[in-house]
Each structure stands twice: as structure tokens, then as C-alpha cells.
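Commentary on secondary and tertiary structure
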Amino acid sequence: MEETLKYIQSIIGDFKPEIGIILGSGLGELADEYCDIAISYNDIPNFIKSTVKGHKGRLVFAQISGKNVVMMQGRNHFYEGHTMQEITYPIKVMKKLGVKNLILTNAAGGVNESFSAGDLMIITDHINNMGSNPLIGKNDDTLGERFPDMTDVYKLDLIELAQKCAQYLNIDIQKGVYIANSGPSYETPAEIRMARLLGADAVGMSTVPEAIVANYCGMQVLGISCISNAASSSGGAALSHEEVIAATDKAKHKFKQLVVKIIEQI
Ligand code: HPA
């Protein structure tokens, strides 16, 4: 960690990020529009490299709406073969850099039948169905407790603030529970029916490990999913990564507007 921080600080100097954002599939453009300093993950000691098409791998520092922000343009996933601890290491780095509020974004399948492709959903809670937990292993007591509470991972005041911002911008917004599977295979119709029975509204392959670690180390978390497809519980049209990227591409304008407004209001 010392080595990682020393390298980052040698580049950003006295820039102190207070808001962190992880940009999901197809949503990375925000970091192209607002970019004061960019560091490739490849250059950061102890960071892992992103391997998925459509996910860049850069840590981007910028002032947005007068706030100092650090963005992950591209994230690492469990399905790439990295450990839970590896994929959540950047969250701990953000914490050490001084980040207090973390905005997690992703592309997700709509489990709730009232959702349409292109909808944005504020995450109110999650279900960890990935079969592992990023806090497994020796606990670092300087970051958080051995058995951290997860009662309110997604903070109500941030949820309300995001809703108000959406309203102000005339953007329809959904709210719901996000269930994370390990992936990389998409769900079968039976698995979607199961997710619905469990109380999930959207399904994806990320975000939950990061939310667990952020909450564990005392960060305020806000999660926003871009519903890229209706996850089918009755069969029907096949789903592809290209479709997911195309749908997030269509929603990216309102997504960017919303995130910038939220940053302004935090
Ligand atoms: N399932 C899992 N992850 C996803 C999906 C989906 O339908 N869409 C985008 N990410």
C-alpha cells in the first residue's frame, strides 16, 4: 500500500480526492470529459490490469463541479480470475487518499419486469451471490472491523440526493436491489426467476465486492445501475456483451448528467 500511495502521490502532488467513482461498462466517458491527471493501472505498483473490452484501465483525477474526484475508468472483475482481495484493493487505496463518498456504477440486467433497457436504477441494497467475500483473510484493524455491519451499505441520504438530482434533471429513475453473480456467463432463465424470488431487481457481475469493502472502511456508498437489458426469465432473445455496451451507450448522456449533478450536490 505504501508503495502504491507513494507512486500515485508522486504524480498527483497535493490533489486530495474527496469523491471516488467507479465507472462501469460503457459508462467510462465521464473520465474522458473530465480528466486533469490520468494514470494507467499498468503503471501503478500492485494494481491489477483490466482485460475486458469496453473497460479502459486508468485512474483519472479531475475537478468536477468544484469537487476533487478520483475515477476508476474500468474496473477489475472476479470472473477475470482475480481474487476478491485484488479487485477491491483500489477501494482501500481511495480510502487512504482521503475519499469519503464513493459512487459505484455498473451495467446490469433488469430482473424487475417493469424495468426497460436504458433505465437507471439507484441501488438500495445488494445480495452477494458471488460465492466469496472480499474481507476473507487476515483483518486490517486500521481499516475496519473483523465482522462489519452491512445494515445500510447504500446510504439513505445519498439515495435521496440522487433521486432529487434525477427529478431536477427530468430523468426517470428506478430504485432496487442488485444481486451479484460471479459471471462471466449470463444467467439462465431459471436463475433469473430465482433472482426475482430472492427479491432482486437487477443482476450483474460487479459492485458488491467494492460496496462491501467501502462500507467496511467507513465510506458513504451510492450505487447506480444502468439497466442494459431485460434479463429474460422465459427464454427468448439471446444476450451479448455488444448489446450491453450498445444500451449503456444510449443511456450514457443522462447517466453523465446525473452523476455530475450528484457530485455538485454532495
Ligand atoms: N446479467 C449479468 N450481468 C449483466 C447483465 C445481465 O443480464 N447485463 C449487464 N451485465
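Note: the structure precedes this text.
Let me begin by describing the structure that accompanies this report. Computed from a prediction, not measured in an experiment: that's the story for all the values here.

About the cut-offs
Residues numbered from 1 in each chain as written. Predicted model: local features only at pLDDT ≥ 70, side-chain atom pairs only at ≥ 80, totals over all residues. Heavy atoms only, no water. Near = heavy atom within 4 Å. Polar contact = N/O pair within 3.5 Å; in protein donor to acceptor, adjacent residues only side chain to side chain. Areas by Shrake-Rupley, 256 points an atom, 1.4 Å probe, with all protein chains shown as cover. Helix = DSSP H or I, 4+ residues; strand = E, 2+ residues; numbered from the N terminus. Phe/Tyr/Trp six-rings, centres within 6.5 Å; stacked < 30°, edge-to-face > 60°. Buried < 20%, exposed > 50% of the residue type's maximum accessible area, 1.4 Å probe, protein only. Expected span 1.5 Å × (residues − 1). Arc of directions from axis to C-beta. Contact = heavy atoms within 4.5 Å.

Take the site of the ligand next. Around the ligand sit A107, A108, G109, Y186, E187, V203, G204, M205, S228, N229, L239 and V244, and those are all the residues in its vicinity. S228 has a polar side-chain atom sitting 3.4 Å from a nitrogen atom of the ligand. Protein burial of the ligand: of its 260 Å² of free accessible surface, 95% is covered by the chains. Elements that contribute at least two residues to the shell around the ligand include exactly β5 (101–110), β8 (202–204) and β9 (220–230).

Tallying each qualifying case throughout the model produces three aromatic pairs. A centroid spacing of 5.5 Å and a plane angle of 45 degrees characterise the contact between Y41 and F47, whose relative ring orientation is tilted. Of the two residues examined, Y41 and F47, each falls in the buried class. Taken together, a centroid distance of 6.1 Å and an interplanar angle of 75 degrees make the contact between F47 and Y89 edge-to-face. Residue F47 is found in the loop between β2 (37–40) and β3 (58–64), and its partner Y89 is found in helix α3 (residues 84–97); the two are separated by 42 residues along the sequence. The exposure class assigned to F47 is buried, which follows from its relative accessible area of 5%. Residue classification places Y89 among the buried residues on the basis of a relative accessible area of 16%.

So, on to helix α4 (residues 156–168). Every α-helix winds through 3.6 residues per turn, so residues three or four apart in the chain are directed the same way. In this model, α4 (13 residues) spans 18 Å end to end at C-alpha, consistent with the 18 Å of a helix rising 1.5 Å per residue. Those residues of α4 that fall on the buried side of the exposure criterion are L158, I159, L161, A162, C165 and A166. The arc enclosing the buried residues of α4, seen along the axis, measures out at 165 degrees, which places them on a common side. Away from its buried face by more than 90 degrees, α4 exposes L156, D157, K164, Q167 and Y168. Lining the buried residues of α4 we find β5, β6 (120–128), β7 (173–180), β9 and α7 (241–265). Count one or two residues on from α4 and you reach N170, which has phi positive near 65 degrees.

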